[in-house]
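Remarks on the overall topology
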Amino acid sequence: MDHQKERTARLTVISLMLAILIIQTFVPGIGYIPIGPVQATIIHLTVIIGASLFGPQTGLILGAAWGILRMIKAAIVPDIMSVVFLNPLVSVIPRMLVGFISGWIAVYLDGRVKDRTKFIITGVTGSIVNTVTVLGAIYLFSAESYANALNIPTSALIGTFLVTIGGNGLLEAVTSGILTPILSLPLSKSLKRSGINT
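A short tour of the structure in this document, coming up. Within every chain, residues take consecutive numbers counted from 1 along the sequence as written. Since the coordinates come from a predicted model, pLDDT governs what is reported: local features require at least 70, and pairs of side-chain atoms require 80 or more to be given and counted, while whole-chain, interface and lining totals use all residues. Excluded from the side-chain calculation are hydrogens and water; included are all heavy atoms of the structure.

**A short note on the packing of aromatic side chains**
Two descriptors summarise a pair of aromatic rings, namely the distance from one centre to the other and the angle between the planes of the rings. Ring geometry is summarised as follows: Phe, Tyr and Trp rings, the Trp one being its six-membered ring, pair when their centres sit within 6.5 Å, and such pairs are stacked at plane angles under 30 degrees, edge-to-face over 60 and tilted between the two. Applying the stated criterion to the full structure yields 3 aromatic pairs. Seen from their ring centres, Trp104 and Tyr108 are 5.7 Å apart, and the 10 degrees between their planes marks the pair as stacked. One end of the pair is Trp104 and the other is Tyr108, both in helix α6 (residues 93-109) and 4 residues apart, which spans about a single turn. Measuring from centroid to centroid gives 6.2 Å for Tyr139 and Phe161, while their planes differ by 75 degrees, and the two rings are edge-to-face. You can see Tyr139 sitting in helix α7 (residues 115-141) and its partner Phe161 sitting in helix α9 (residues 157-193), a full 22 residues away along the chain. Among the aromatic residues, those joined into a ring-pair cluster are Tyr139, Tyr146 and Phe161. Strands are runs of DSSP state E lasting at least 2 residues, helices are runs of H or I lasting at least 4, and numbering of each runs from the N terminus.

**With respect to the packing of α6 against α7**
For any two helices packed against each other, the geometry comes down to the angle between their axes and how far apart the axes lie. A fitted line through C-alpha atoms represents every axis, and for helices the fit uses only the stretch in contact; the resulting angles, taken between N-to-C directions, go from 0 to 180 degrees. Between α6 and α7, whose axes approach to 9 Å, the crossing angle comes to 155 degrees. Considering the angle they form, α6 stands roughly antiparallel to α7. In this structure, α6 crosses over α7, and the sense of that crossing is right-handed. Facing Pro94, Arg95, Leu97, Val98, Ile101, Ser102, Ile105, Ala106 and Leu109 of α6, the residues of α7 in contact are Lys118, Ile121, Thr122, Thr125, Gly126, Val129, Asn130, Thr133, Val134 and Ala137. The classification used treats Ala, Val, Leu, Ile, Met, Phe, Trp, Tyr, Cys and Pro as nonpolar, Asp, Glu, Lys and Arg as charged, and all other residues, Gly among them, as polar. Its residues placed into classes, the contact of α6 with α7 shows 11 nonpolar, 6 polar and 2 charged. By the definition adopted for this analysis, an angle is roughly parallel if under 35 degrees, roughly antiparallel if over 145, roughly perpendicular if from 65 to 115, and oblique otherwise. Handedness of a crossing follows from how the near helix is turned relative to the far one, being left-handed for an anticlockwise turn of less than a right angle and right-handed for a clockwise one. Whether two residues touch is decided by their heavy atoms; if any such pair falls within 4.5 Å, the residues are in contact.

**Re the environment of Leu45**
Assignment of secondary structure puts Leu45 in helix α2 (residues 44-54). Along the primary structure Leu45 and Leu21 are separated by 24 residues, whereas in three dimensions their C-alpha atoms are 9.7 Å apart. The contacts of Leu45, once residues within four sequence positions are left out, are Ser176, Leu179 and Thr180.

So, to be careful, I would describe these as geometric facts and stop short of saying anything about function.
Below, the structure written as structure tokens:
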């Protein structure tokens, strides 16, 4: 496949991933699973997989799209946490970091470990980056709004975050570590057969 055709095919795959992000954002239960007042995230898998296959630049684009979509959802489909995610420092920047760091890790590990191991490490790390950066951004930029949404004092935020990391965060990281290689390996092989380098 010549360079122009490969570039077109790569853009097509990335466009499909962007479409998946839109569906995951706005169709209930596909990207965000409500658990009480918070939501467990599985939408990050799309960003992590795209970053794992195409590198940090694509990861950055997918992460930015995810963050912007989350901010739009907070504006037009409000829930208890919408006031927090209307802030782009909470909704967009952490998601860009998820994509960029996942892509960078995948590039670094490529050729150093087996593909399955690369995808497992990237999946777990990308999920942890999501949890830590979002909670960190909430603490730095929207602590009072978050506390008010949960009806807790701001002094209880650290404890709440630790519970979130130990509960949702751990579950999301394990899920990402399992599903990223399951989804990425066949996709990577299919792309390579089509002449698209990953």
